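Notes for the structure review
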Amino acid sequence: MYGWIWRHLPGNAWVRAAISLVLVLAVVYVLFQYIFPWAEPLLPFGDVTVDNNGGASR
Amino acid sequence: MRAGALSLRLVLRTLSELCVTAGTLIILFVVHLLFWTGVRADRAMDGEVDRLQHSWSQSQRAHPRPSSTAGSPRPGRDAPAPPASGTYREGKAFAVMYIPRLGHGWHKPVLEGTSTGVLRRGLGHYTGTARLGATGNFSVAGHRRTYGDPFKDFPRLRPGDPVVLTDGASWYTYRIDTRPYRTLPSDVGVIDPVPARSGFTGPGRYLTLTTCDPEWGHSHRLIVWAHLDARHPVGEGKPEALNG
């Protein structure tokens with residue numbers, strides 16, 4: 001998988017390393033900015049309210 | 001034979017790469033929960049407090065008045081939350097809470113509403129419960145863990161501890177009456193105007209704080225109740241509960 005990506009990146013080893021780093025940072029950014037905030041309410045740490053219907057807080 | 005060994009190698013390599021990827025994802029998610037939500041929440045809460053204090057100082061300048069009464073001025077223009085008046089707008093901060101027991105300098109903004117997005121930026125006031133300082137039960141929820149851990153030390157609260165709030169016009173000093181009370185999430189009676197298990201017998205100016213229990217779980221809730229002990233105009237300076 002990673003080998004396949006590496007083989008398909010252009011340039012010499014240094015360019016590929018630089019592009020890889022950018023790709024990794026982009027993935028981490030998307031995770032922290034979008035994926036994790038979406039996934040976090042599915043876990044119980046946000047359940048701090050009393051409610052009947054679960055509408056106010058999951 | 002040789003092709004079989006090659007494809008087996010490919011399968012094993014892909015499998016191990018997936019495992020490493022999954023492990024990295026989990027570690028990153030834990031970093032997000034333990035560290036990054038705190039960084040974000042602290043920044044958001046400081047921003048809310050700054051915005052509040054800015055709007056208060058502006059409305060103070062526009063309507064200088066030494067003391068506050070229930071009848072209130074209507075600062076026009078851009079003062080979003082006129083102190084002690086107007087309606088609480090969903091997702092907007094309207095007060096700052098201080099609890100010395102939770103740490104010297106512990107202070108958090110109180111926002112209207114208890115949705116997930118609101119609780120990421122501060123404590124949440126249950127919509128429909130009493131207004132700050134009013135007769136009834138002013139009820140507030142906060143995160144125990146993640147998002148700045150505002151109520152991490154909730155179990156250390158004891159009867160007599162002050163909970164101080166300000167809305168820019170007055171300081172409200174509530175005194176806690178109960179040790180943290182553990183109950184089920186469905187026990188909505190705890191935020192009733194006169195909560196049944198609190199020991200309060202008649203109508204009064206009460207405060208309820210709720211958070212989750214156990215610390216990282218969601219099976220129960222921790223509750224403390226308090227009553228309004230004193231109210232001063234902001235002109236008289238900080239209440240002594242905050243100076244000790």
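Residues numbered from 1 in each chain as written. Chains lettered and ligands numbered in written order. Predicted model: local features only at pLDDT ≥ 70, side-chain atom pairs only at ≥ 80, totals over all residues. Heavy atoms only, no water.

For chain B, an unreviewed UniProt entry supplies the name Class E sortase and the organism Wenjunlia tyrosinilytica.

1. Some points on unusual backbone geometry
Residue and element names in this part refer to chain B. Asp-213 connects to Pro-214 through a cis peptide bond whose omega is -5 degrees. The topology assignment puts Pro-214 in the loop between strand E8 (205-213) and strand E9 (220-233). Unusually for a residue other than glycine, Tyr-147 sits at a positive phi of about 55 degrees. The residue Tyr-147 is located in the loop between strand E4 (136-141) and strand E5 (162-166) in this model. For Tyr-147, a relative accessible area of 5% gives the class buried. Look at Asp-149: it is not a glycine, yet its phi comes out positive at around 50 degrees. Take Asp-149: it is sitting in the loop between E4 and E5. (Helix = DSSP H or I, 4+ residues; strand = E, 2+ residues; numbered from the N terminus. Buried < 20%, exposed > 50% of the residue type's maximum accessible area, 1.4 Å probe, protein only.)

2. Focus: the UniProt feature "active site" (unreviewed entry) in chain B
Feature annotation in UniProt places "active site" (unreviewed entry) on His-143 and Cys-212 of chain B, given in this structure's numbering. What stands out for the annotated residues spanning 70 residues is how close their C-alpha atoms remain, the widest pair being 7.2 Å apart. Tracing the backbone through its elements, the reader meets His-143 of chain B in the loop between E4 and E5. In contact with His-143 of chain B, not counting residues within four places along its chain, are Phe-45, Gly-46 and Val-48 of chain A together with Leu-119, Asp-149, Pro-150, Phe-151 and Thr-211 of chain B. Along the chain, Cys-212 of chain B turns up in strand E8. Its relative accessible area of 1% is what places Cys-212 of chain B among the buried residues. (UniProt positions renumbered as here; feature names shortened; annotations may be inferred. Contact = heavy atoms within 4.5 Å.)

3. Some words on the interface of chain A and chain B
Across the contact, 24 residues belong to chain A and 39 residues belong to chain B. Buried surface at the junction of chain A and chain B, summed over both partners, amounts to about 2600 Å²; 63% is from carbon and sulfur atoms. Counting the surface chain A buries against chain B, the share from its top three residues, Phe-45, Val-48 and Val-50 of chain A, is 28%. At the boundary of chain A with chain B, the tally comes to one salt bridge. The partner of Arg-120 of chain B in a salt bridge is Glu-40 of chain A, with the nearest N and O atoms 3.3 Å apart. (Buried area = accessible area lost by both parts, 1.4 Å probe. Salt bridge = Lys/Arg side-chain N within 4 Å of Asp/Glu carboxyl O.)

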